[in-house]
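# An overview of the molecular structure
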Amino acid sequence: MDYVGTAKLLKSALNGAPAFIFVMLALTVADACIAAPAVNMIHNSSFEAGIDYRFSVGRWYVTGLPDVQLDPATRVHGRYSARVPYARQPDGRAGMMFRSAVPVHVTAGTAYTFSVHLKADAHLKAELNLVTGASSEKSVVVAGKQITIGKSWDRFSVTFTPVRTQEIYWDVEVKADTPGYFWIDALQMEAGNNATAYHPAMGVESGIVSGRLGKIYDPDEPAEIRLMAYNDAPGPADNRSFRLQVFDLDGQSVFSGTMVQSLPAQQGIDVPVRLNIGKNGVYRALLFSGANPQPEGVLHFSVLPRPRKIPAAEGAFGAYITLSPEPLDIMRRLGFTWIGNLTSNNYVILWQGVEPREGDYQWHDQEVDRARERGYEFMFNLEPCRAPQWALSLSREERLRKWTRYVEAMVRHYGARVKYWTVGDEVHAKTGCWANPAEYAAWHVAAHATIKSVDPGARVIMNSSSTFAADLLNVLPGSNVDILAGNFYHMPVEILRMQRIAQANQMQRLWAPGVGASVLPYYQEHLSADQKSRVTGSYWNAQADELTKSVVRTFAYGAERLLHYTATFVGNTNNYSLFEADSGLKPNGAQFGALITLLDGFVRAREVPARAGENVLSVYRFDRRDGTTVFPVWSDIAAAQVLTIADGGRPETVIVYDRFMNALPVKSGAGRLSFDAGRHPVFIVVPGYLGDFFETALGSVSNFVEAVPAGESSIVKERYARVDGISGGTYRGRRNVSLWHKTSGRGWMEIMRERSSTYLPDYRVTSGGFEIEWDFMPGQEDFQLQPGAFPASLMEGARVWGLNRSGERVERFAGQIDLARNAVTPISASPPYPLTTDGSSIFLIQTKHGLLVKVQTIATSSVKTDKNEWAPGTWRLLVKDGQCFLHGIFRHGQPGPVKIKTVVSITERTR
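Residues numbered from 1 in each chain as written. Predicted model: local features only at pLDDT ≥ 70, side-chain atom pairs only at ≥ 80, totals over all residues. Heavy atoms only, no water.

Our next topic: the overall build of the protein. Within the protein, the secondary structure is distributed over 14 helices and 53 strands. For the protein, buried positions account for 59% of its 911 residues. Within the protein, counting contacts between residues at least 6 apart in sequence, those at least 24 apart form 71% of the total. (Helix = DSSP H or I, 4+ residues; strand = E, 2+ residues; numbered from the N terminus. Buried < 20%, exposed > 50% of the residue type's maximum accessible area, 1.4 Å probe, protein only. Contact = heavy atoms within 4.5 Å.)

Let us look at the pairing of strand S9 (residues 124-132). Within S9, eight of the nine residues are buried, which leaves it mostly tucked inside the rest of the structure. Of the pairings in the sheet, the one linking S9 to strand S10 (residues 140-149) comprises nine bridges and is antiparallel in character. Along S10, the bridge assignment pairs Leu130 with Ala143. Looking at chain direction, S9 and strand S12 (residues 166-175) are connected through seven bridges and run antiparallel. (Pairing = 2+ DSSP bridges.)

Let us look at the state of the cysteines. Enumeration over the complete set of coordinates arrives at one disulfide. Each disulfide pairs two cysteine sulfurs, and for Cys385 the partner residue is Cys433, the sulfurs being separated by 2.1 Å. Within this pair, whereas Cys385 is found in the loop between strand S24 (377-381) and helix H6 (396-414), its partner Cys433 is found in the loop between strand S25 (420-422) and helix H7 (437-454), the two being separated by 48 residues in sequence. (Disulfide = S-S within 2.5 Å.)

Let's shift gears to H6. Here H6 contains 19 residues, and its C-alpha end-to-end distance of 27 Å stays within 8% of the 27 Å for a straight helix at 1.5 Å per residue. Of the residues making up H6, those classed as buried are Lys402, Trp403, Thr404, Tyr406, Val407, Ala409, Met410, Val411 and Tyr414. Structurally, H6 contributes buried residues whose contacts are with helix H4 (351-354), helix H5 (365-373), S24, S25 and H7. (Expected span 1.5 Å × (residues − 1).)

Quick look at the packing of aromatic side chains now. Inspection of every chain in the model, using the stated rule, returns 39 aromatic pairs. Look at Phe380 and Trp421: their rings are 5.5 Å apart centre to centre, the planes differ by 85 degrees, and that puts the pair in the edge-to-face class. Separated by 41 residues along the polypeptide, Phe380 in strand S24 and Trp421 in strand S25 bring together distant segments of the chain. For the pair shown, Phe380 and Trp421 are each scored as buried. Of the aromatic side chains, those joined through ring pairs into one cluster are Phe317, Phe336, Phe555, Phe592, Phe602 and Phe622. Positioned above the aromatic ring of Trp183, the side-chain terminus of Lys119 is 5.3 Å from the ring centre. A cation over a ring is seen here: Arg243 above Phe288, with NZ or CZ 4.2 Å from the ring centre. (Phe/Tyr/Trp six-rings, centres within 6.5 Å; stacked < 30°, edge-to-face > 60°. Lys NZ or Arg CZ within 6 Å of the ring centre and 35° of its normal.)

Right, let's talk about the environment of Asp623 for a bit. When you line up the elements, Asp623 lands in strand S31 (residues 618-624). The buried category is assigned to Asp623, whose relative accessible area is 9%. In this structure the C-alpha to C-alpha distance between Asp623 and Arg604, which are 19 residues apart in sequence, comes to 5.4 Å. For Asp623, the contacting residues outside a window of four places in its chain are Phe602, Val603, Arg604, Thr628 and Thr629. Among the polar contacts listed, one links the side chain of Asp623 to the side chain of Thr629, at a separation of 2.8 Å. (Polar contact = N/O pair within 3.5 Å; in protein donor to acceptor, adjacent residues only side chain to side chain.)

As summarised here, the arrangement of the three strands in space is S14-S16-S19, forming an open sheet in which the pairing is antiparallel. The open sheet has two edge strands with one neighbour each: strand S14 (204-209) and strand S19 (267-275). Across the sheet, the mean angle from the axis of one strand to that of its neighbour is 15 degrees, orientation sign disregarded. Here S14 pairs with strand S16 (residues 223-231) via six bridges, running antiparallel. Among the inter-strand pairings, Ser206 is bridged to a residue of S16, identified as Ala229. (Axes fitted to C-alpha atoms, helices over the stretch in contact; angles between N-to-C directions.)

A separate point is unusual backbone geometry. With an omega dihedral of 15 degrees, the bond running from Tyr565 to Thr566 counts as a cis peptide bond. By the element assignment, Thr566 lies in strand S29 (residues 561-567). Phi is positive for Glu426, close to 50 degrees, though the residue is something other than glycine. With respect to the helices and strands, the residue Glu426 is situated in the loop between S25 and H7. Of note, Met661 is a non-glycine position whose phi angle comes to about 70 degrees, a positive value. Position of Met661 among the secondary structure elements: in the loop between strand S34 (655-658) and strand S35 (667-669).

By size, the foremost hydrophobic cluster in this structure holds 105 residues, and its most contacted members are Met331, Phe336, Phe380 and Trp421. Met331 has contacts with Ile321, Phe336, Tyr376, Ala567, Leu578, Phe579 and Leu585, leaving out every residue within four places of it along the chain. In terms of nonpolar packing, the next biggest core, distinct from the first, is built from 40 residues, Val84, Leu118, Leu130 and Phe182 among them. (Core = buried A, V, L, I, M, F, W, Y, C linked by side-chain atoms within 4.5 Å.)

What follows deals with the environment of Ile321. Note on placement: Ile321 falls in strand S22 (residues 317-321). A relative accessible area of 0% places Ile321 in the buried class. Separated by 247 residues in the primary sequence, Ile321 and Thr568 have C-alpha atoms spaced 5.8 Å apart. When residues no more than four places from it in sequence are discounted, the contact partners of Ile321 are Pro327, Leu328, Met331, Trp338, Ile339, Gly340, Ser344, Asn345, Tyr376 and Ala567.

To continue, consider the sheet that holds strand S20 (residues 281-289). Sheet architecture is open: five strands sit in the order S15-S21-S20-S17-S18, paired in mixed fashion. Pairing within the sheet leaves two strands with one partner each, and these edge strands are strand S15 (216-217) and strand S18 (253-263). Sheet topology places S15 next to strand S21 (residues 297-303); two bridges connect them, and they run parallel. Of the residues in S21, the one forming a bridge with Ile216 is Ser302.

The structure is reproduced here in structure tokens:
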């Protein structure tokens, strides 16, 4: 049947593709009468709306939801059951867990019964569980039972009474030693001590699903999804309206329409729907059925550019990827070419799994070859700390000898396919394996000698923090390390420290094999109440911005290769995973697809230095092997700006993309180009021969911020402003207070933002500056105060003079800020004007932007200490993880009200 035709779909203006009829019909009387009693708390409980976001698979080493299929051949209710594969897994765990991804809400003291119909192709041992927590790895079982699934349909149930009101998930876990299938249908959660006759949650259940692997679509094709619905009532549902709305990552509607369907009694529909989005990005589709104001179907999908063909030897992007067909294909569609072995596939490489019995090696050639056939290369981790049971009682010397034998066996077996070997992951954190750098060095030297003796062309990697690496290389010859590496996560500045260590030891290669961003599921239905409170409208853009900036900086600061932790392909077990529970991509996963297409295959990457005093833009340069140069550009100011640069006489050769690789409007004229920029990174793509010209142009561009950045509220007094609830990717405190000054050269510039403190100050703005004030009662313990953090754009390279006075004691210092080194370098230069000694603490900051920021702190008290004076302690200017802030430890005195006020004023000077 031509469902598109019978749905009376109207031709749209979007390339003539079928679209929804833009009408809304009232429900008929017959439609209103078909609703079933709202007893079943599980929606889509017999899969008539497809296998959608409500379900997940709860293992680390298996394939995901696409392997669960609708089966019309056997069922208990409706048209389908769900067929779930099971098999003994490579890590030794048997079976499969099929579970809910969306919870049901239960009330304390009320009895509930969960029931489900199951059958299998063999008699199987299984568990039926009700658990807390969306993560199968961290769930707590609140009720469960052991069951045996037979070859014919049986109904199983479990009853429990919660002791508190909470969210509950169900799971069915099958245990088996051989591959096969089990079937599941007609799930029900209901109040009461007994299972009643099954019926769905609603008379008409509907949903939307995608058959595309990874739910990824190409830019030049419509996103085809399917509307599925089933009428369980004894009478027809005539003229049922189904309204579809699609939103982008900004929450902006990109499509809205309604279609009308008639559903005969106890029959369903499966209708293809084509959406012409026309723009790269991540999208949230919501399906509304009838008059229900809540969406009955949710689907997330992405539209992404096709990756350029980059061979793995030239590729810079990798991830920890599950070694099964679906995730391997999805990650290749994004452009990944490297695989690290840690979480999702560590059974291939860990000593305890490879040699479970001494001399008995377990090889996983099928998984390794499956990946290599798709164009992947590997980094294998030879982890000394994961010893098999039989080796745990050995002496340290004997265990090292046995481990070295395992290393030799691994290189002999996989050496023709694997050329990169790391001797332990995050070796600085393995205090249980070695007590100091010298002890680790023994393992590394033994591995290096063994690997090179078997395969002289292999490369040996050392993965460590910069601090531990510096100590290691005092006892470990640098010739034993081919590649220096570290799991830097969201701290690219750590790469700068590691780069200095590499250069000091004549090392040329630096990797970042553990770069991760903890990201919550995009499906709001998969979030806990606490998580939902943290996910505001800007959360997803902020996360994608931060990932983009972290990736760009990781390469620009010297990393040759980046491996994301993690592309674990299963359910919602790990916030670091790029996958959603339904095996689609989180926004950060989709973001990688655009970044790889834009940046991969580069020969060189570096930061472009800006001209002091004029530019706070972050500018980076990537020279690709295909003769193209890409400049990632952004500003940490959460305000739209217009950038104007010279066009090099060839404006038609310049393309500006957003971070999802959508072309942005560029105006040209009079030898200049102008385009919008701001807190979201943009990418300027030019022919390589124009790279030097554009580097010079971008290094000197001036951008002017005319208005105070948007926030939830703001107070402006002449040239000073306080903004609350500012948006943007830069980390801000829970209260999100920032202080701004309008300069003559750059417009509005951020001066300070709130930082956590044991006491929260009051921030006031005046026509002459800012007043930051605390009013509290000291106790018997010391306490700390932090007026705020200075943004990096203000403090990098700034000169600082300070004076602290406590009683008769006076401390002075002068220094220059180096955020990359987390240091304040002493200087001998005098301040622009003398600092007074009037009993207050004063800091004078001279920025690269021609500003003088004066910070003066005054402490008062109505209660005296034993020395007849209040002892405020000393303010320190701290630099940590790329941030700069004032920090004061204040000593307790006699209890009594204390007020501390910090006054910030700013002047502009010509240097």
